[in-house]
Amino acid sequence: MRWKWLIPTLYIVFLLLPIYWLLNMSLKTNAEILSVFSLWPENLTFDNYRVIFTDPSWYSGYINSMIYVSMNVVISVSCALPAAYAFSRYSFIGDKHLFFWLLTNRMAPPAVFALPFFQLYSSIGLFDTHIAVALAHCLFNIPLSVWILEGFMSGVPREIDETAFVDGYSWPHFFVKIFIPNIASGIGVTAFFCFMFSWVELLLARTLTAVNAKPISAIMTRTVSASGLDWGVLAAAGMLTILPGALVIWFVRNHIAKGFALGRV
Amino acid sequence: MIEKKANQKAWFMVLPVFLVVAFSAIIPLMTVVNYSVQDTFGNNQFFWVGMDWFRDLLHSERFHDAFLRQVIFSAIILTIEIPLGIAIALAMPRKGWGVPVCLITMALPLLIPWNVVGTIWQIFGRVDIGLLGHTLTALGIDYNYTQDSVAAWITIIIMDVWHWTSLVVLLCYAGLCSIPDAYYQAAKIDGASRIAVFRYIQLPKMQRVLLIAVLLRFMDSFMIYTEPFVITGGGPGNSTTFMSIDLVKMAIGQFDLGPAAAMSLIYFLVILLLCWVFFTVMSNIGEESSKGGT
């Protein structure tokens, strides 16, 4: 087994090659991209990034994406916390059916919901707002949060609840003061997955926005078709969408394996 | 396990989740059901057509082709990604500096927005400016994913392997890490071969996560939309038009609400059936392991 390290190494090279190529393109001028084929930029330029940071139609996309993603994370986690507690501690009429129904929404193809969502949010005047996208993403993020949190909460011994109630804590007081600190890492993992799925989704985000709340990924598709393919800027925009993900992974790197270990993605 | 306390007040805790999800799931779904049994000539005038759209759809070539392509695609994805994911997870280091390096780089593709994944591969595969396309052409291989449907399929499959194998790896790795050292020591004392260790210790312990990996990969590949849409737009011809792409074309491109709604419902029912199987198998395994474990 001396050559065992070769397999993950090759796989990582395979993973990083396309990303390196994107980075390479983002540091070239458009003329160089189209005329010379080179493995690294010969005339290093940061102009493509400058375009993105100075043109409001580009950088507003990042701000919009960030706004609706964080709204979604807050809504999903705060709604899911009490529900996950209920599922992990009590049995009540219809609990299994409700859980299954929630799960089906995680599995529902967004393509099915694109058109009805468009009509629903238009009719209540929420079209092209951040909250519309955040609510739409709740469709798959809330079931996911309930599922992940329920796993973490079931790992907390029930004696903790009972002791606290004997000590005279009210339920909300107990929940905030004692229970939440106990599952802090679970909340972190949940927020990570909510961030991830809301950040990468495009179909619903694009359908529900026009100008004011347009996410960066939708702006990218628009530019591909409109401005005669400015490959350099496109590559730079792509690189910048990878950054937030990379940062988030760095912060939760010690918890990722645990979140996956619960197997509840 | 201790029995859970029966308490109907728990419904109040579930209520916020129920309301939010019901708002964004039940209302749109009812709209779809509504459209699927009606026809319109515009002006918001609708009339009842019953099951006609469903009958038409189930007999249409277009639907059959899209469905078949979808099933073949999911089958190919599973046969490549699952064994590859297991192999990589088995070879990953268990301790030392290699662990965070592997975890972070492998999780990276999972957090790239899906259309950026499409864009990355669109650029990477292009014959004129992409590393992959350029290299293949330089080697004398005829490769052009915008014109050749085989090349388009291969590109999308490699792209999906690039994008999602990490999920299988991370799940399997988590499963492997949960095996206590004592198992391996016992195997060593018994003189078990590498294959025997895999067959009788590692594979059974990974059973649960593997099941989740298979089902997640199956469902997500069954719903794939953004990446092939960006890379090929469903082409060349219709060769990479999968179910979701076809559906969006029908609903938003052509505004054929009736057939699109009927297709949505059939599509959703297929997924629902799979989800039910998933849920049943999962809870059975959960019960068995809790019986066996305690």
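The structure reproduced in this document is the subject of the present report. The model shown is predicted, which means the values in this text are computed figures rather than measured ones.

### Quick word on the environment of Ile212(B)
Line of reasoning, step 1. You can see Ile212(B) is positioned in helix α9 (residues 194-222).
Line of reasoning, step 2. In this structure, the C-alpha to C-alpha distance between Ile212(B) and Val168(B), residues 44 residues apart in sequence, is 9.1 Å.

### Details of the interface of chain A and chain B
Line of reasoning, step 1. Facing 95 residues of chain A, the contacting portion of chain B comprises 96 residues.
Line of reasoning, step 2. A combined buried area of about 8,600 Å² lies between chain A and chain B, and 81% of that area is made up of carbon and sulfur atoms.
Line of reasoning, step 3. At the junction of chain A and chain B, the tally comes to one salt bridge.
Line of reasoning, step 4. With a closest N to O distance of 3.9 Å, Arg106(A) and Asp220(B) form a salt bridge.
Line of reasoning, step 5. Between chain A and chain B we count eleven residue pairs in polar contact (both at pLDDT 80 or more) in total.
Line of reasoning, step 6. Looking at the side of chain A that touches chain B element by element, the count peaks at 14 residues for helix α13 (residues 231-261) of chain A.
Line of reasoning, step 7. For the side of chain A that touches chain B, the residue count by class is 75 nonpolar, twelve polar and eight charged.
Line of reasoning, step 8. Of the pairings in the sheet, the one linking strand β1 (residues 90-91) of chain A to strand β1 (residues 5-6) of chain B comprises two bridges and is parallel in character. Bridged to Ser91(A) within β1(B) is Ala6(B).

### Examining the nonpolar core
Line of reasoning, step 1. Counting 188 residues, the largest nonpolar core has Ile183(A) and Met106(B) as the members making the most contacts within it.
Line of reasoning, step 2. In contact with Met106(B), not counting residues within four places along its chain, are Pro8(A), Tyr11(A), Ile12(A), Leu15(A), Ile88(B), Met92(B), Ser166(B) and Val169(B).

About the cut-offs
Residues numbered from 1 in each chain as written. Chains lettered and ligands numbered in written order. Predicted model: local features only at pLDDT ≥ 70, side-chain atom pairs only at ≥ 80, totals over all residues. Heavy atoms only, no water. Helix = DSSP H or I, 4+ residues; strand = E, 2+ residues; numbered from the N terminus. Contact = heavy atoms within 4.5 Å. Buried area = accessible area lost by both parts, 1.4 Å probe. Salt bridge = Lys/Arg side-chain N within 4 Å of Asp/Glu carboxyl O. Polar contact = N/O pair within 3.5 Å; in protein donor to acceptor, adjacent residues only side chain to side chain. Nonpolar A, V, L, I, M, F, W, Y, C, P; charged D, E, K, R; others polar. Pairing = 2+ DSSP bridges. Core = buried A, V, L, I, M, F, W, Y, C linked by side-chain atoms within 4.5 Å. Buried < 20%, exposed > 50% of the residue type's maximum accessible area, 1.4 Å probe, protein only.

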